[in-house]
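Here is how the chains run, residue by residue.
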Amino acid sequence: MEKELLYPVTNQYRFDQSLDGLWDFKFDEAAEGQQQGWPQKGLPAAIQMPVPASFNDFFTDKAAREYTGDFWYAKRVFVPRAFQGRVIGLRFGAATHRATVYVNGQEIRQHEGGFLPFTADISSVVKFDQENLVVLKLNNELHRDALPAGDTGVLKNGKKMAKPFFDFYNYSGLNRSVQLMAVPQDRVTDYSVTTTLTATTAEVHYTVTTSQATAKVTVTLQDEQGTVVATGHGRQGTLIVDQPQLWNVRDAHLYTIAIQLTVNDDPVDEYRDQIGLRTIEIVGHQILVNGEPVYLKGFGRHEDSIYAGRAFDLNVEKRDFELMKWMGANSFRTSHYPYDEAVYRFADREGFLIIDEVPAVGFKMAAASFLGGLDQSFFDGEWTTELYKKHLDQITDMVHRDKNHPSVLAWSLLNEPDTSSKSAVPYFEKLFADTQALDPDQRPRTFTLNEDDTFDTSYCKQFPDFYLLNRYPGWYHKWGYEISDGEAGLRAELDKWQASEIDKPVVFSEYGADTQPGLHKLPSVMWSEEYQIELLQMFNRVFDSYDFIRGEQPWNLADFQTVEGNMRVNGNKKGLFTRDRQPKEAAFYLRKRWAGIDNNFKN
Ligand code: BDP
């Protein structure tokens, strides 16, 4: 079960019970919990902590908010006898950054990576019709051989401190829901679908994997009216849908796939999910959905809100989708980590395209030196062998989890890595090839190139299927009155892309200005609402002058929390919306621009 990531459901064969709510919680500064028998006894003198939530912002004491090291969660979970005979599992949506799971005193498994789900098979230790003690040891330290990358320092007073090589707060805890699951022994363990289109049909190629080889598999596809439009038999096959209602950008149509298992004609399992029929291709400098060119309008985002930090909050997510729709957006990037699964379900339903990003952020020593690190190439570091394993492991889980979502347009394999040294090349070569082998849908692979990775300096330009550029003229350089020089520099760089042999789409995946809401100034100064608009106008003039630029995703949808520092006034303020999701002036400007840009802009 530990490799199974299917979204949990309840039906005649499967049970999914939420374990969200209050859990026991305790910091373990001395790393003594194991020795003190907490997995067996539970947590002594524990405090209560909501799940899902990041623990940080609840505290009024700074040492607690900044806590770095081991910390524990525990809960007593009643498992009814009705579940007997099934495989019993726990599913953690996200645990930052490494976790050890114990049930009734026994260690069940360990997991590393704070932004993807994992399951623990507890069948061998579970007690029915009784309470079971579920205990988790978490650790939120940052390291160079882990994702996201950073260091963990120790202050003179002995306290550990996270030093991220990235610009978002190291929010920690059980940030997504926890579920108790009971599934049949003979069950569907995974499935995948890909679509090809003919003039009048969609061919849905499916593969189903099961826990046991004996069961018979039947797959049906139903349209939104509940009519069965195709049926297939066997673990692999093709379902042909006549006159299909395709999934399209901002015009989504979904089909229900139902996978049934029978043993000797008796039904033993069923799994249903919603899928969309669509194709994705990159041809020349066009991004094609169902063969039609699409211009991306959208945002880089974060899972970030007040009180609960990086906890997934369906209410915030709903508001974000309403804001994106109001803006006229059609896409977003899950900067800088895979988001909660509900986000992809929203996007499938609303017809948004997602650039799905793995938490490979901070792979750059300049990011470390910004905080006092060394100035060497990141990929020269001895940590890259271990890092690669974890990196690929997380890409594997991301692709495994998200591969059937019609909304997922592409995989972003890194954010702003150091590609200006040759030592990055073998790492990238392997990473791009290994990812290709994972995705049945063969989606485009990409990564964001930061300011230092230009047409002239990047050694890794050959790898992406399309380019994501993060550029900050007008903010981190050539700022204020010098912005006209910033524009000239940007044009000079883009002229080189234009003149080159490369014929692939370029999407601007980050640009922006920190803006204090309510600060007005005529003429503008940096940080004013007027300056944010001027900066966006500058970029938009540039985008409109180059045909190969096929998308714009300003940084960021909303203001978000970062570490404290002399570059940040209580977080990153480049949002078009405030952290409580109200518009800055620039949102009205951009909304107007996007109202005049159709999905097939530049064609
Ligand atoms: C980019 C990073 C992003 C930062 C942004 C900024 O990709 O995470 O928040 O810069 O500085 O380099 O605002």
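Residues numbered from 1 in each chain as written. Predicted model: local features only at pLDDT ≥ 70, side-chain atom pairs only at ≥ 80, totals over all residues. Heavy atoms only, no water.

Where an unreviewed UniProt entry is consulted, the protein chain appears under the name Beta-glucuronidase, with the organism given as Levilactobacillus acidifarinae DSM 19394 = JCM 15949. Looking at the protein chain in UniProt, the text filed under Sequence similarities (unreviewed entry) is "Belongs to the glycosyl hydrolase 2 family." (UniProt positions renumbered as here; feature names shortened; annotations may be inferred.)

K.L.:
Kindly report on the UniProt feature "domain: Glycosyl hydrolases family 2 sugar binding" (unreviewed entry) in the protein chain, identifying the contributing residues and their values.
P.N.:
In the UniProt entry, the feature "domain: Glycosyl hydrolases family 2 sugar binding" (unreviewed entry) is given for residues 17–184. The annotated region residues 17–184 carries 5% helix and 44% strand content, and the separation between its end C-alpha atoms amounts to 15 Å. (Helix = DSSP H or I, 4+ residues; strand = E, 2+ residues; numbered from the N terminus.)

K.L.:
Got a sec to walk through the nonpolar core? Specific residues and values, please.
P.N.:
Within the largest apolar cluster, 89 residues are counted, with the highest numbers of intra-cluster contacts made by Phe363, Phe378, Leu414, Phe428, Leu494 and Phe508. Element by element, the count of residues in this core is highest for helix H9 (residues 529–544), at eight residues. Taken domain by domain, this core gets at least three of its residues from each of domain 1 (15–183) and domain 3 (296–595). Excluding its chain neighbours within four sequence positions, the residues that come into contact with Phe508 are Leu469, Arg471, Leu490, Leu494, Phe539, Phe543, Ile549, Gly551, Glu552 and Gln553. By size, the runner-up hydrophobic cluster in this structure holds 33 residues, among which are Trp23, Val101, Val126 and Val178. (Core = buried A, V, L, I, M, F, W, Y, C linked by side-chain atoms within 4.5 Å. Buried < 20%, exposed > 50% of the residue type's maximum accessible area, 1.4 Å probe, protein only. Domains from an automatic or database assignment. Contact = heavy atoms within 4.5 Å.)

K.L.:
I'd like to hear about the site of the ligand, residue by residue, with values.
P.N.:
The environment of the ligand is made up of 13 residues, and the closest members are Asp167, His336, Glu416, Tyr476 and Lys574. In the environment of the ligand, an oxygen atom lies 2.8 Å from a nitrogen or oxygen atom belonging to the side chain of Asn572. For the ligand, the protein covers 90% of the area, taking 330 Å² as the surface of the free molecule. (Near = heavy atom within 4 Å. Polar contact = N/O pair within 3.5 Å; in protein donor to acceptor, adjacent residues only side chain to side chain. Areas by Shrake-Rupley, 256 points an atom, 1.4 Å probe, with all protein chains shown as cover.)

K.L.:
Tell me about empty space enclosed by the protein, and name the residues and values.
P.N.:
Across all of its chains, the model carries five cavities of 30 Å³ or more by this definition. If you trace the largest cavity, you find 15 residues lining it, with Glu4, Leu6, Arg14, Met181 and Val183 closest to the centre. At the level of elements, strand E1 (15–18), strand E12 (178–183) and strand E13 (188–197) are the ones that each hand at least two residues to the lining of the largest cavity. Taken together, the residues of the lining of the largest cavity sort by class into nine nonpolar, two polar and four charged. Considering only enclosed or pocket space, the second largest cavity measures out at about 90 Å³ in volume. Along the walls of the second largest cavity sit Asn56, Arg65, Glu66, Tyr67, Thr68, Asn140, Met161, Ala162, Pro164, Tyr169, Asn170 and Val563, which together make up its complete lining. Element by element, the count of residues in the lining of the second largest cavity is highest for strand E11 (residues 160–164), at three residues. Its residues assigned to classes, the lining of the second largest cavity shows six nonpolar, four polar and two charged. (1 Å grid on protein atoms, 1.4 Å probe; cavity = no way out; pocket = protein on both sides within 12 Å on 5 of 7 lines; lining within 4 Å. Points joined across faces, edges and corners; volume = space filled by probe spheres on them. Nonpolar A, V, L, I, M, F, W, Y, C, P; charged D, E, K, R; others polar.)

K.L.:
Can you break down the sheet that holds strand E21 (residues 286–289) residue by residue, with the values?
P.N.:
With antiparallel pairing, the three strands of this open sheet are ordered in space as E20-E21-E22. The sheet terminates laterally at strand E20 (280–283) and strand E22 (292–293), the two strands that pair on one side only. Across four bridges, the pairing between E20 and E21 is antiparallel. By the bridge assignment, Glu281 is partnered in E21 with Leu288. (Pairing = 2+ DSSP bridges.)

K.L.:
Break down the pairing of strand E19 (residues 266–275) for me, citing the residues and quoting the values.
P.N.:
Bridge analysis of strand E18 (residues 255–263) against E19 gives nine bridges, and the strand direction is antiparallel. Across the sheet, residue Gln260 finds its bridge partner in E19, namely Glu270. Hairpin connection, E18 to E19: the antiparallel pair is bridged by two residues, and Asn264 has positive phi, about 50°.

K.L.:
Give a detailed account of the layout of surface pockets, specifying residues and quantitative values.
P.N.:
If a probe the size of a water molecule is rolled over the atoms, the empty space left behind becomes visible. The space that makes up the second largest pocket amounts to roughly 340 Å³. Those elements giving two or more residues to the lining of the second largest pocket turn out to be strand E2 (21–28), helix H2 (62–65) and E11. Ranked by residues supplied to the lining of the second largest pocket, first place goes to H2 with three residues.

K.L.:
So what about the sheet that holds strand E5 (residues 87–92)? Which residues, and what values?
P.N.:
Here we have four strands laid out as an open sheet, ordered E1-E12-E5-E8, and antiparallel in their pairing. Each edge of the open sheet carries a strand with a single partner, namely E1 and strand E8 (118–121). Here the strands of the sheet are splayed against their neighbours by 25° on average, with no regard to which way each runs. Note: E5 against E8, four bridges, orientation antiparallel. Its bridge partner being in E8, Gly89 is matched across the sheet by Asp121. (Axes fitted to C-alpha atoms, helices over the stretch in contact; angles between N-to-C directions.)

K.L.:
Can you explain the domain arrangement of the protein chain? Please cite residues and give values.
P.N.:
Assigned domains within the protein chain: domain 1 (15–183), domain 2 (188–275) and domain 3 (296–595). Taking only C-alpha atoms into account, the centre of domain 1 sits 29 Å from that of domain 3. Every contact between the two is made by 29 residues of domain 1 and, on the other side, 44 residues of domain 3. Together, the buried faces of domain 1 and domain 3 total about 3,200 Å²; carbon and sulfur atoms form 60% of this surface. Sorting the residues of domain 1 by area buried against domain 3 places Leu116, Arg144 and Leu147 first, and these three jointly supply 22% of that buried surface. (Buried area = accessible area lost by both parts, 1.4 Å probe.)

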